[in-house]
Amino acid sequence: MDQKKIIIVGASKDRNKFGNKAVRAYLDKGYQVYPVHPTEKEIEGLEVYRSVLEIPEPVSLVSFYLPPTVGLKVIEEVGKKKGVESVYLNPGSESPALVERGKALGLRMIETCSILAVGANPNQY
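Only a predicted model underlies this, so the values are computations on that prediction, with no experimental measurement involved.

**Examining the side chain of Ser 63**
Then comes step 1: Within the element layout of this structure, Ser 63 appears in strand β5 (residues 61–64).
Then comes step 2: In terms of polar contacts, Ser 63 uses its side chain to reach the side chain of Asn 90, at 2.8 Å.
Then comes step 3: The contact partners of Ser 63, leaving out residues within four places of it in the chain, are Ile 6, Ile 7, Ile 8, Val 9, Tyr 88, Asn 90 and Ser 114.

See below:
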């Protein structure tokens, strides 16, 4: 069986931020997690990628923890990344323009908290 995988765009070293809580929640649920951040090197013991395009294998699920204006730039990379099917837009990362662009790229855009969606409670992290 293939291991479950997720890309966390906007991952953070700050354990109080949702971009870090998501990394820990998905690790706890048995996912292989690929954190993406433009300047960090390591988050929660994981190698950090500067772009989704640097991740060496196909991953079907992405979660956004970044402002919608930044998301509009990143969604173009996500649309080019082999294997991506669905994108979680967490509260604060969504916008009508981002949803529209993601759909135009053939992505399933999900506007909800990805931590709750995996069956975890953000408050436990």
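This is not the end of the story, as more comes after the structure.
**Some points on the pairing of β5**
Then comes step 1: Of the two faces of β5, both are covered, the one formed by Leu 61 and Ser 63 as well as the one formed by Val 62 and Phe 64.
Then comes step 2: As paired elements, β5 and strand β6 (residues 86–89) share 4 bridges and run parallel to each other. Among the inter-strand pairings, Val 62 is bridged to a residue of β6, identified as Val 87.
Then comes step 3: Viewed along the sheet, the connection from β5 through helix α2 (residues 68–80) into β6 turns out right-handed.

**Some thoughts on the layout of surface pockets**
Then comes step 1: Of the volumes computed, that of the largest pocket is approximately 300 Å³.
Then comes step 2: Taken together, 19 residues form the lining of the largest pocket, with Val 9, Gly 10, His 37, Pro 38 and Leu 66 sitting closest to its centre.
Then comes step 3: Those elements that place two or more of their residues in the lining of the largest pocket are α1 (18–28) and α2.
Then comes step 4: Element by element, the count of residues in the lining of the largest pocket is highest for α2, at 3 residues.
Then comes step 5: Of the residues contributing to the lining of the largest pocket, the split by class is 11 nonpolar, 5 polar and 3 charged.

Rules used throughout
- Residues numbered from 1 in each chain as written.
- Predicted model: local features only at pLDDT ≥ 70, side-chain atom pairs only at ≥ 80, totals over all residues.
- Heavy atoms only, no water.
- Helix = DSSP H or I, 4+ residues; strand = E, 2+ residues; numbered from the N terminus.
- Polar contact = N/O pair within 3.5 Å; in protein donor to acceptor, adjacent residues only side chain to side chain.
- Contact = heavy atoms within 4.5 Å.
- Buried < 20%, exposed > 50% of the residue type's maximum accessible area, 1.4 Å probe, protein only.
- Pairing = 2+ DSSP bridges.
- Right-handed = clockwise from strand over helix to strand, strands pointing away.
- 1 Å grid on protein atoms, 1.4 Å probe; cavity = no way out; pocket = protein on both sides within 12 Å on 5 of 7 lines; lining within 4 Å.
- Points joined across faces, edges and corners; volume = space filled by probe spheres on them.
- Nonpolar A, V, L, I, M, F, W, Y, C, P; charged D, E, K, R; others polar.

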